[in-house]
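Read off the chains here:
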Amino acid sequence: MLVTMDSILRAAQKGGYGVAAPDAYNSSSVRACFEAAVNCKAPLILSCLGTTNMEETGEMAKFYAKKYPEAVVALHLDHGGAFDEIMRALRCGYTSVMIDRSKLIFEENVREVKEVVKIAHAIGVTVEAELGHVGTGTEYAETRDSGLTHLDEAKAFVEQTGVDALAVAVGTSHGVYKGTPRLGFDLLREIAAQVEVPLVLHGGSGTGDENLKKCIACGIQKINLFTDMANPAGEAMACFMRGETSEDSDIAAALELYADKKKNFYVAPLVGAEVYRRKLEHYIRLFGSEGKA
């Protein structure tokens, strides 16, 4: 069933575990997410960018929610951009939206987030916003320090906006890191001590299992993931079509599962989805959310 993100994250906050928030972009990845949630009996936050088939992904999520009624999933707009994009997500049934105004100054960020919160809350939808700015891994050395969340702004931001979840910048980055991740765990602890709403970590991929576990221990409830599932899934499809092998155990298992199938446009995405699901299930267990649905 589709539920609000707030209901999932408040339970995680109380229980001291993290919840995976994978990005999905087609039928194969949406199905993989629901299957992972069912297999692990874990809550999940299925995320989609407004620029990647938002309406289509929403309809597929509704389909798989009916097919797997035991799955506890929030349908979330990730990095919501223009106001119209966020309204489109609300109209097509998303149970949670992110409004990303992290590049704006504090006052403008507050003003625009507050407006979306008022609208979304009127129809029972959860809102996430970002304070500080999580950049891209290719520019990590240049942007890591400048984008960090300011401790003295976090509490005021939540109080002034009424937001349900706060994404914080504590040293992670989107995509593939160019350099070694350096996370500000002390900053994260201090933010968690001052802010009552659940906290979100963007840029979970490539950050490392131990770092992610420590982030949860320091106060993170939601961890966004994409690259660590999408890249191996793509590699698996390429290996399958070329008849190659892989040293990655998840890819190797998927290739073996479909070894006797024809190499075509239908089967290759199934191979990728198998790897996507396996990688996601690893994170579900790592975050401690298995069995929590």
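Along each chain, residues carry numbers from 1 onward, in the same order as the chain's sequence is written. Totals for whole chains, interfaces and linings use all residues, but because this is a predicted model, local features are given only for residues with pLDDT of at least 70 and pairs of side-chain atoms are given and counted only at 80 or more. Think of the side-chain values as coming from all heavy atoms in the structure, minus any hydrogens and water.

Q: Teacher, can you tell me more about the side chain of Arg101 here?
A: Examined against the element boundaries, Arg101 turns out to sit in the loop between strand S4 (96-99) and helix H5 (106-122). Judged by relative accessible area, Arg101 falls into the buried class, the value being 11%. With residues up to four places along the chain from it excluded, the contact list for Arg101 reads Gly80, Gly81, Ala82, Phe83, Ile86, Asn109 and Glu112. By the criteria applied, helices consist of DSSP H or I runs no shorter than four residues and strands consist of E runs no shorter than two, each listed in order from the N terminus. Note on classification: 1.4 Å probe, protein chains only; a residue is buried when its accessible area is under 20% of the maximum for its type, exposed when over 50%, partly exposed between these limits. By the convention used here, residues are in contact when the closest approach between their heavy atoms is within 4.5 Å.

Q: Whenever I open this one, the environment of Gly81 confuses me. Can you help?
A: Residue placement: Gly81 occurs in the loop between strand S3 (73-80) and helix H4 (83-91). Distance from Gly81 to Met98, taken between C-alpha atoms, is 8.5 Å for residues 17 residues apart in sequence. Apart from residues lying up to four places away in sequence, Gly81 is in contact with Ile86 and Arg101.

Q: What's the story with the sheet that holds S4 in this structure? I'm lost.
A: Think of a sheet as strands paired side by side through backbone hydrogen bonds, with each pair either parallel or antiparallel. The strand order across the open sheet formed by eight strands is S1-S8-S7-S6-S5-S4-S3-S2, and the pairing between neighbours is parallel. Either end of the sheet is taken by a strand with one partner, and the two such strands are strand S1 (19-22) and strand S2 (44-49). Taking the axes of each pair of neighbouring strands and ignoring which way they run, one obtains an average angle of 30° across the sheet. As paired strands, S4 and strand S5 (residues 126-131) are joined by four bridges and run parallel to one another. Across the sheet, the residue bridging to Ile99 is Ala129, located in S5. Note on method: axes are straight lines fitted to C-alpha atoms, helices fitted across the in-contact stretch only, with angles between N-to-C directions ranging 0 to 180 degrees. With respect to the sheet, H4 is in contact with S3 and S4, its orientation differing from that of S3 by roughly 170°. Strands in contact with helix H9 (residues 209-217) are strand S7 (199-201) and strand S8 (220-225); relative to S8, the strand with the most contacts, it is inclined by about 145°. Note: two strands are recorded as paired if DSSP finds a minimum of 2 bridges between them.

Q: Just checking my understanding: could you explain the pairing of S2 for this structure?
A: Each regular strand shows side chains that alternate between the opposite faces of the sheet. Of all six residues in S2, five are buried; the element is thus mostly enclosed. In the sheet, S2 pairs with S3 via six bridges, with the strands oriented parallel. When the sheet's bridge partners are listed, Ile45 is paired in S3 with Ala74. Crossover S2 to S3 through helix H3 (residues 54-67) is right-handed. For a crossover, the right-handed case is the one in which the path from the first strand over the helix to the second runs clockwise, viewed with the strands pointing away from the viewer.

Q: Please clarify how helix H1 (residues 5-15) should be interpreted in this entry.
A: Side chains three or four residues apart in an α-helix point the same way, a direct result of the helix having 3.6 residues per turn. Every buried residue of H1 is listed here: Met5, Ile8, Leu9 and Ala12. One side of H1 holds all its buried residues, which, seen down the axis, span an arc of 90°. Once H1 finishes, Gly16 follows within two positions and takes phi at roughly 75°, a positive value. Arc definition: it is the arc formed by the directions from the helix axis to the C-beta atoms.

Q: Can you help me understand the environment of Leu286 in this one?
A: Along the chain, Leu286 falls in helix H12 (residues 267-287). For Leu286, a relative accessible area of 18% gives the class buried. In this structure, Leu286 is in contact with Asp209, Leu212 and Lys213, ignoring residues within four places of it in sequence.

Q: Which parts of the structure should I look at to understand the nonpolar core?
A: One broad rule of soluble globular proteins: the nonpolar side chains tend to lie buried together. One finds Phe34, Leu46, Val97, Leu166 and Phe287 to be the most contacted residues of the largest nonpolar core, which totals 74 residues. Sorting elements by how many residues they give to this core places helix H2 (residues 27-40) first, with eight residues. Not counting residues up to four positions away in its chain, the partners in contact with Phe287 are Tyr17, Gly18, Val19, Ala20, Leu212, Ile216, Ile223 and Leu225. What is meant by a nonpolar core is a set of buried Ala, Val, Leu, Ile, Met, Phe, Trp, Tyr and Cys residues, joined one to another through side-chain atoms within 4.5 Å.

Q: So what exactly am I meant to see when it comes to the packing of H9 against H12 here?
A: Packed helix pairs are characterised by how far apart their axes lie and by the angle those axes make with each other. Two numbers describe how H9 lies on H12: the axes approach to 10 Å, and their chain directions differ by 45°. Accordingly, the angle class assigned to the pair H9 and H12 is oblique. As for how H9 packs across H12, the hand of that crossing is right-handed. Residues Asp209, Leu212, Lys213 and Ile216 of H9 form the contact with H12, whose participating residues are His282, Tyr283, Leu286 and Phe287. Geometric relationships in this document are graded by angle, where less than 35 degrees denotes roughly parallel, more than 145 denotes roughly antiparallel, 65 to 115 denotes roughly perpendicular, and other angles denote oblique. Left-handed is the label given to a crossing in which the near helix is rotated counterclockwise from the far helix by less than a right angle, and right-handed is the label when the rotation is clockwise.

Q: Looking at this structure, how should I read the packing of aromatic side chains?
A: Aromatic ring pairs are defined here through the distance separating the ring centres and the angle between the ring planes. Only Phe, Tyr and Trp rings are paired, with Trp represented by its six-membered ring, and only when their centres lie within 6.5 Å; those with planes under 30 degrees apart are stacked, over 60 edge-to-face, the remainder tilted. With the rule as written, the count across this model stands at six aromatic pairs. The interplanar angle of 85° and the centroid separation of 5.0 Å between the aromatic rings of Phe63 and Tyr64 together place this pair among those described as edge-to-face. Assessed through its relative accessible area of 7%, Tyr64 is described here as buried. Clustering of aromatic rings is evident, with ring pairs tying together Phe34, Phe63, Tyr64 and Tyr68. Each ring is checked for a lysine NZ or an arginine CZ that lies within 6 Å of its centre and within 35 degrees of its normal; such an atom marks a charge sitting over the ring. The ring of Tyr17 has Lys292 sitting right over it, with the charged end atom 5.2 Å from the ring centre.

Everything listed here is a matter of coordinates, which is why it stays silent on function.
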